[in-house]
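# Structural characterization, general
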Amino acid sequence: MTQTEGQPQGSATDTGRWPSREEAWAFMCEWVQSESLRRHMRAVEAAMGAYAARFGEDVERWRVVGILHDFDYERHPTLDQHPQDGARYLRERGYSEELIGAILSHADHLALERDTPLKRALFAVDEVTGFAGAVALVRPEKTIATVTPQSFKKKMKDKAFARAVSRDDMTHGAELLGVSLDEHIQIVVDAMAAVAPELGLAGVSAPAGAPQEGA
Ligand SMILES: [Fe+2]
Ligand SMILES: [Fe+2]
């Protein structure tokens, strides 16, 4: 297949193209109807953008990986399908193998080496965004902006809280990126806070003059 559109690729053997952020978002929304899954993609996008900027990488490409990483999950949710079935659809669209490889590598069951900063960042932010959102929602003000590394780590120690999220994965992700866990949490929280209204994590404010609880 010959690709004539798109941007130059980093690898001579990778003839695929990178979609724009706009194209990626529209394509993901065709596949994902769930508002919460779209928000997950938005959160991972924001965190990926933050890390791309920090590492001097291509911000739009990293954001695109965040947007697309779970695009097939709603239709192909099982381990024998996600994300490998999705990869097939991305190849049909002529997308870059660098993009597809990064998406495939976020799945532990495929046991692929996370041998690029892009792959390591996707793995590192995937679970942390979800956990940070869960921490925000149990706070009285329900806002991501006030989640701190301290409050986040306190919840990590609470085994009953968001029990599906692997604590080891979050810790390991920070190590892979070469940042402390505190720094990692703060980078992800700040990135999510910048788009908090889109994530439903901008907080609630009591109406002025509202009676206090129990009044
Ligand atoms: Fe996934
Ligand atoms: Fe994900």
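Provided above is the structure to which this section pertains.
Just so it is clear, the structure is predicted and the values come from calculations on it, not from any experiment. (Residues numbered from 1 in each chain as written. Chains lettered and ligands numbered in written order. Predicted model: local features only at pLDDT ≥ 70, side-chain atom pairs only at ≥ 80, totals over all residues.)

In terms of helices and strands, the protein chain carries 10 helices and 0 strands. Reading the helices (α) and strands (β) of the protein chain from amino to carboxyl end gives α-α-α-α-α-α-α-α-α-α. Pairs at least 24 apart in sequence give 63% of the contacts found in the protein chain among residues at least 6 apart. (Helix = DSSP H or I, 4+ residues; strand = E, 2+ residues; numbered from the N terminus. Contact = placed C-beta atoms within 7 Å.)

Our focus in this paragraph is unusual backbone geometry. Looking along the chain, the bond that leaves histidine 82 and enters proline 83 is cis, with omega of 5°. One can find proline 83 in the loop between α3 (59-68) and α4 (84-92). The backbone phi angle of alanine 111 is positive, close to 50°, even though this residue is not glycine. For alanine 111, the location among the structural elements is in the loop between α5 (97-105) and α6 (117-137). Backbone geometry at lysine 142 places phi at a positive 50°, although glycine is not the residue there. Its location among the elements puts lysine 142 in the loop between α6 and α7 (149-157). Under the C-beta neighbour-count criterion, lysine 142 is labelled partly exposed, with 15 such atoms within 10 Å. (Buried ≥ 20, exposed ≤ 12 C-beta atoms within 10 Å, placed from the backbone.)

Time to look at the nonpolar core. If you look at the biggest cluster of nonpolar residues, it comprises 50 residues, and the most contacted ones within it are Ala47, Met48, Val65, Val125, Ala132, Val188 and Met192. Going through the elements one at a time, α1 (21-31), α2 (35-55), α3, α4, α5, α6, α8 (167-177) and α9 (181-193) are the ones with two or more residues in this core. The element best represented in this core is α6, accounting for 11 residues. Setting aside its immediate chain neighbours within four residues, valine 65 contacts Met48, Leu99, Ala102, Ile103, Leu118 and Leu122. (Core = buried A, V, L, I, M, F, W, Y, C linked by C-beta atoms within 7 Å.)

This next bit is on the environment of threonine 146. Structurally, threonine 146 can be placed in the loop between α6 and α7. Exposure remark for threonine 146: the 15 C-beta atoms within 10 Å place this residue in the partly exposed category. Linking threonine 146 and alanine 136, residues 10 residues apart in sequence, is a C-alpha distance of 7.7 Å. Every residue in contact with threonine 146, bar those within four places of it in the chain, is listed here: Arg139 and Glu141.

Okay, the environment of aspartate 115 next. Mapped onto the secondary structure, aspartate 115 falls in the loop between α5 and α6. The spatial distance from the C-alpha of aspartate 115 to the C-alpha of alanine 102 is 9.5 Å, given a sequence separation of 13 residues.

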